[in-house]
Amino acid sequence: MFKALFDLLARTDPVTPADAIFVLAGHKNRKLFAIQLLEQGIAPRVLFSVGRFEIRRFPELRLPKTIDLLQMAQSIPPPSRHFFVLFENQQFAVERIRVRTLGTLSEIDALADWLIAHPEISSLLVVSSGSHLRRLRMCCRRLLRRNANCSFVATPEENGNNGLNRKAILLECFKIACYSVFLPFWEVVLSFRGRNRFYVDRS
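Residues numbered from 1 in each chain as written. Predicted model: local features only at pLDDT ≥ 70, side-chain atom pairs only at ≥ 80, totals over all residues. Heavy atoms only, no water.

S.K.: Can you break down the pattern of salt bridges residue by residue, with the values?
M.R.: A complete count under the given rule lists six salt bridges for this structure. Asp 13 is paired through a salt bridge with Arg 137; the nearest N and O atoms lie 3.2 Å apart. Here Asp 13, found in the loop between α1 (2-9) and β1 (20-23), pairs with Arg 137, found in helix α5 (residues 133-143); they are 124 residues apart in sequence, far enough to count as distant. Exposure remark for Asp 13: the relative accessible area of 9% places this residue in the buried category. (Salt bridge = Lys/Arg side-chain N within 4 Å of Asp/Glu carboxyl O. Helix = DSSP H or I, 4+ residues; strand = E, 2+ residues; numbered from the N terminus. Buried < 20%, exposed > 50% of the residue type's maximum accessible area, 1.4 Å probe, protein only.)

This is how it looks when you write it as C-alpha cells:
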C-alpha cells in the first residue's frame, strides 16, 4: 500500500531543458542535484530556496563561487530567515522572502512573485523530494501564472526505496489534505490583492 501511495505522490517528469531550475528548501541533496543539472546545461540559471537552517551550510554546495548568507541574515530574526538565491553567469542575486505558516506555500507564493519580476522565464524545472511533488503541483497549479510551464523532478536518492518512509508518506498525505482546503481560500486572498494566477502543467 505504501509503495502505491509513494508512487502516487512521486510522479516525476522527464528532465528537459528549461529557462531556470527552482529547488525547494530542505535536504542538501536537492540542491546538489540541481547543481548537477545546471552543470549539464539543462538550464542557464538555478534559483535556490534557502531556509533558516540551510544558511550556514550554503557554502558546502561547492559552487564555483559562494556567498555569505549568514552575514546577510544577522539582522533578521531567525524565524524570518528565508532567501531566494539566484545563481546565473557566475553571479549571485539574493532576496528575502516572506515566511508563512505553511512552508511550501511560502516558497511557491514567493516564486510566483519572482516569475512576475522575471517575465523572460517561461519554463521551470522544479526539484524536490519525490513525496513532495504532488503537493508542489497543487501549489503551482493554484499560484503560478498561466505561461509558467513547470516540470517536476525528484532527487534520485529520494525517489527510490529510501523514500518509502511510512510516517513521512502519511504525513505528506495529511499535508495534501490540509492544502486542498487552504489553497482555494488563499486564491481568494490573492484575487483581492490583484494577484490572480493560473498554471499550465506540461506533463
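S.K.: Describe in detail the side chain of Glu 54, supporting the description with residues and values.
M.R.: Relative to the helices and strands, Glu 54 resides in the loop between β2 (45-50) and α3 (69-73). Judged by its relative accessible area of 10%, Glu 54 is buried. Glu 54 has contacts with Ala 25, Gly 26, Lys 31 and Ser 49, leaving out every residue within four places of it along the chain. (Contact = heavy atoms within 4.5 Å.)

S.K.: Any details on α5? Residues and values, ideally.
M.R.: The buried count for α5 comes to eight of eleven residues, which makes it a mostly enclosed element. Taken together, the buried positions of α5 are occupied by Leu 133, Arg 135, Leu 136, Arg 137, Met 138, Cys 139, Cys 140 and Leu 143.

S.K.: Before we move on, can you summarise the side chain of Ser 123 with the specific residues and values?
M.R.: Its location among the elements puts Ser 123 in strand β5 (residues 123-128). Polar side-chain contacts of Ser 123 include one of 2.9 Å to the backbone nitrogen of Asp 19. (Polar contact = N/O pair within 3.5 Å; in protein donor to acceptor, adjacent residues only side chain to side chain.)

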